[in-house]
Amino acid sequence: MNIEVFSQRRTQFFQQLGKASAILFAAPSQVRNDDNSFPYRTCSFFYYLTGCREPNAAAIFSASSKAPFQLFVQPKDSMAEVWNGRRLGVDLAKDVYGADACYSIELWEEKFKQTLPHTEELFLLMGIHRKQENHVLDILRNHFPNRKNGEREVVAIRKLQSILSPMRMVKDSGELALMRENCTNSARAHAKAMAATRPGLFEYQIAAEIEFQFKYQGASDLAYPSIVAGGENALILHYVDNKDVLRDGDLLLIDAGGERGLYASDITRTFPVNGKFSPAQRQLYEIVLQSQKAAIQAVRPGARFHDAHDAALRVLLEGLLRLKILTGSVEELMKDRKSYGAFYPHGTSHWLGLDVHDAGATYQRSGESVILVPGNVLTVEPGLYMPTDDARVPAEFRGIGIRIEDDVLVTESGREVLTEGVPKEIAAIEALVGSGSVKI
Ligand SMILES: [Mn+2]
């Protein structure tokens with residue numbers, strides 16, 4: 001995204017920051033073993049405000065300072081760069097990221113202390129990078145203002161997420177362009193994986209296929225570990241072992257998405273390994289599909305975040321009543337999560353953006369659901385999971401797990417499904433499964 005986007009964001013941020021200051025850091029890098037690190041991925045909040053993806057970086061925001069946006073980065077170091085890759089360095093970083101002042105990362109503490117005599121209120125990311133958070137709190141504990149000189153004291157520490165999360169909930173045009181592209185590519189990858197599926201392959205081979213497709217199309221990473229769950233493995237919501245053979249007659253549930261430009265996609269499809277739904281699978285699949293369509297229709301500006309869930313749940317419960325797996329009335333069942341929790345244990349939606357479970361409240365403080373506005377992006381992902389040992393479940397349904405998930409943008413007039421490129425209608429799925437090549 002171009003530098004102007006970040007600059008506009010910071011303008012909006014400074015308006016809300018007022019006279020307060022804020023500090024935030026790039027995510028720490030994580031050691032895998034010895035001198036081998038996990039692939040680096042910075043803090044979404046840090047990136048959102050700065051545009052900087054380098055490790056060992058920090059930013060201080062203070063409108064009263066001569067340099068309201070101070071950025072701290074790794075200095076140029078030819079030897080370190082030979083080993084670990086190029087760095088922009090202090091001078092270039094200032095221009096590239098549009099900072100008012102840029103310094104070597106070693107100076108952040110000194111410069112931060114210089115802002116304290118002018119700061120009464122400090123915004124800090126809380127509960128994300130605890131070591132950095134504690135470091136800042138330690139500095140504050142040991143800071144004693146010189147009152148005779150009129151120095152101020154930090155009297156309030158506030159959660160930086162309270163400003164940034166609501167901003168992140170409404171995507172701007174640059175973000176939406178990136179998310180559309182990533183969702184389209186990820187949907188295509190799902191379709192390729194569906195085409196490559198056939199009995200006798202292993203879950204990890206289909207995982208390899210979809211992850212190859214994500215990356216071949218430009219994703220720099222996975223948005224989250226891929227779930228490729230054949231048969232009963234689909235009952236484990238976050239199944240990531242991906243080690244079993246795909247059996248003729250089973251369903252395969254794939255929940256996977258690529259990350260591009262640090263933005264996530266999140267798609268789930270469930271389809272027969274052999275390309276043909278059994279009557280029992282079809283019955284349950286049709287319920288989940290109708291439920292998902294009803295939930296997508298409930299996404300529109302002015303609707304509550306939880307309207308999609310209520311719409312999905314209603315259709316699921318009607319289906320479970322029809323199959324006599326549950327008894328009673330939809331209205332009563334809807335009020336009692338325990339009554340259906342064995343079959344539908346999760347929510348229907350979460351926000352999507354830089355993080356797969358993106359920043360943003362789902363309830364406001366009063367306990368009321370958030371009202372959707374254009375620019376919100378959320379998932380819609382109802383499912384049904386039939387335990388193997390529940391006496392209420394007829395034998396033919398036991399061990400079947402189905403989830404269907406799309407990524408949905410709230411628009412001025414309603415909604416736009418960003419992940420339509422992968423089939424979910426039964427006929428389209430049956431035509432596609434097994435029709436493609438398998439790369440082995
Ligand atoms: Mn999801």
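Residues numbered from 1 in each chain as written. Predicted model: local features only at pLDDT ≥ 70, side-chain atom pairs only at ≥ 80, totals over all residues. Heavy atoms only, no water.

## Things to note about the pattern of salt bridges
So the rule is basically this: Any carboxyl oxygen of Asp or Glu that lies within 4 Å of a side-chain nitrogen of Lys or Arg is treated as forming a salt bridge with it. The helix and strand labels rest on DSSP assignments: H or I over at least four residues marks a helix, E over at least two residues marks a strand, and numbering proceeds from the N terminus. Relative accessibility decides the category of a residue: with a 1.4 Å probe and only protein chains considered, values under 20% of the type maximum give buried, values over 50% give exposed, and everything between is partly exposed.
In the structure shown here, the tally under the stated rule is 27 salt bridges. Residue R9 is joined to D172 by a salt bridge in which the shortest nitrogen-to-oxygen separation is 3.0 Å. Of this pair, R9 sits in helix 1 (residues 3-17) while D172 sits in the loop between helix 7 (161-169) and helix 8 (173-196), and the two are 163 residues apart along the sequence. Residue D172 is classed as partly exposed on the basis of its relative accessible area, which comes to 25%. Of the charged contacts in the structure, one is a salt bridge between E331 and R314, with a shortest N-O distance of 2.8 Å. Residue E331 is located in helix 12 (residues 330-335), and its partner R314 is located in helix 11 (residues 307-322); the two are separated by 17 residues in the primary sequence. Overall, E331 belongs to the partly exposed group, its relative accessible area being 45%. Through salt bridges with shared partners, a single network forms among R168, K171, D355 and D358.

## Observations concerning the packing of helix 10 (residues 279-297) against helix 11
The cut-off we apply is this: To obtain each axis, a line is fitted to C-alpha atoms, and for helices this fit is confined to the stretch in contact; angles are then taken between N-to-C directions over 0 to 180 degrees. When an angle is under 35 degrees it counts as roughly parallel; over 145 it counts as roughly antiparallel; between 65 and 115 it counts as roughly perpendicular; any other value is oblique. By definition, any crossing whose near helix is turned counterclockwise from its far helix by less than a right angle is left-handed, and any crossing with a clockwise turn is right-handed. What makes two residues a contact is simply this: any of their non-hydrogen atoms within 4.5 Å.
Orientation of helix 10 relative to helix 11, taken along the N-to-C sense of each, is 155°, at an axis distance of 7 Å. Taken together, helix 10 and helix 11 sit at an angle that is classed as roughly antiparallel. Crossing handedness for the pair helix 10 and helix 11: right-handed. Side by side, helix 10 and helix 11 meet where I287, V288, Q290, S291, A294 and A295 of the first sit next to A308, A311, A312, V315, L316, G319 and R322 of the second.

## Overview of the sheet that holds strand 14 (residues 267-272)
Threshold: For two strands to pair, DSSP has to find at least two bridges joining them.
Spatially, the three strands line up as an open sheet ordered 10-11-14, and their pairing is antiparallel. Two strands bound the open sheet, and with one partner strand each, they are strand 10 (227-230) and strand 14. Direction aside, the axes of adjacent strands within the sheet are offset by 10° on average.

## Overview of the side chain of H309
Note that H309 resides in helix 11. We classify H309 as buried; its relative accessible area is 16%. Not counting residues within four places of it along the chain, the set of residues in contact with H309 comprises Y344, H346, G347 and T348.

## Looking at the domain arrangement of the protein
Put simply, the rule reads: Domains are outlined according to an automatic or database domain assignment. Defined here as a combined quantity, buried area equals the accessible surface (1.4 Å probe) lost by two parts on assembly, summed across both.
We note that the domain assignment places domain 1 (3-167) and domain 2 (170-432) within the protein. The interface of domain 1 with domain 2 comprises twelve residues on the first partner and eleven residues on the second. Taking both partners together, domain 1 and domain 2 bury about 990 Å²; carbon and sulfur atoms supply 52% of that area. For the pair domain 1 and domain 2, the number of links is three salt bridges.

## So, helix 7
Taking burial as the measure, the nine residues of helix 7 include seven buried ones, the bulk of the element. For helix 7, the set of buried residues is Q161, I163, L164, S165, M167, R168 and M169.

## Looking at the nonpolar core
The criterion, for reference: In plain words, nonpolar cores are sets of buried Ala, Val, Leu, Ile, Met, Phe, Trp, Tyr and Cys residues tied together by side-chain atoms within 4.5 Å.
By size, the foremost hydrophobic cluster in this structure holds 53 residues, and its most contacted members are I254, L384 and M386. In terms of residues, this core owes the most to one element, helix 10, which gives six residues. In contact with L384, not counting residues within four places along its chain, are L284, I287, V288, L316, L320, F343, I400, G401 and I402. Counting 48 residues, the second largest nonpolar core, distinct from the first, contains F14, Y48, F123 and C183.

## Notes on the pairing of strand 4 (residues 58-62)
Counted residue by residue, strand 4 has five buried out of five residues, so it is predominantly covered. Of the two faces of strand 4, the one carrying A58, I60 and S62 and the one carrying A59 and F61 are both buried. Judged from the five bridges that link them, strand 1 (residues 21-25) and strand 4 form a sheet pairing that is antiparallel. The partner of A22 across the bridge, within strand 4, is F61. Direction of pairing for strand 4 relative to strand 5 (residues 69-73): antiparallel, over a ladder of four bridges. Residue pairing for strand 5: I60 is matched across the bridge by Q70. Where strand 4 hands over to strand 5, the hairpin turn is made up of six residues, counted between the paired strands.

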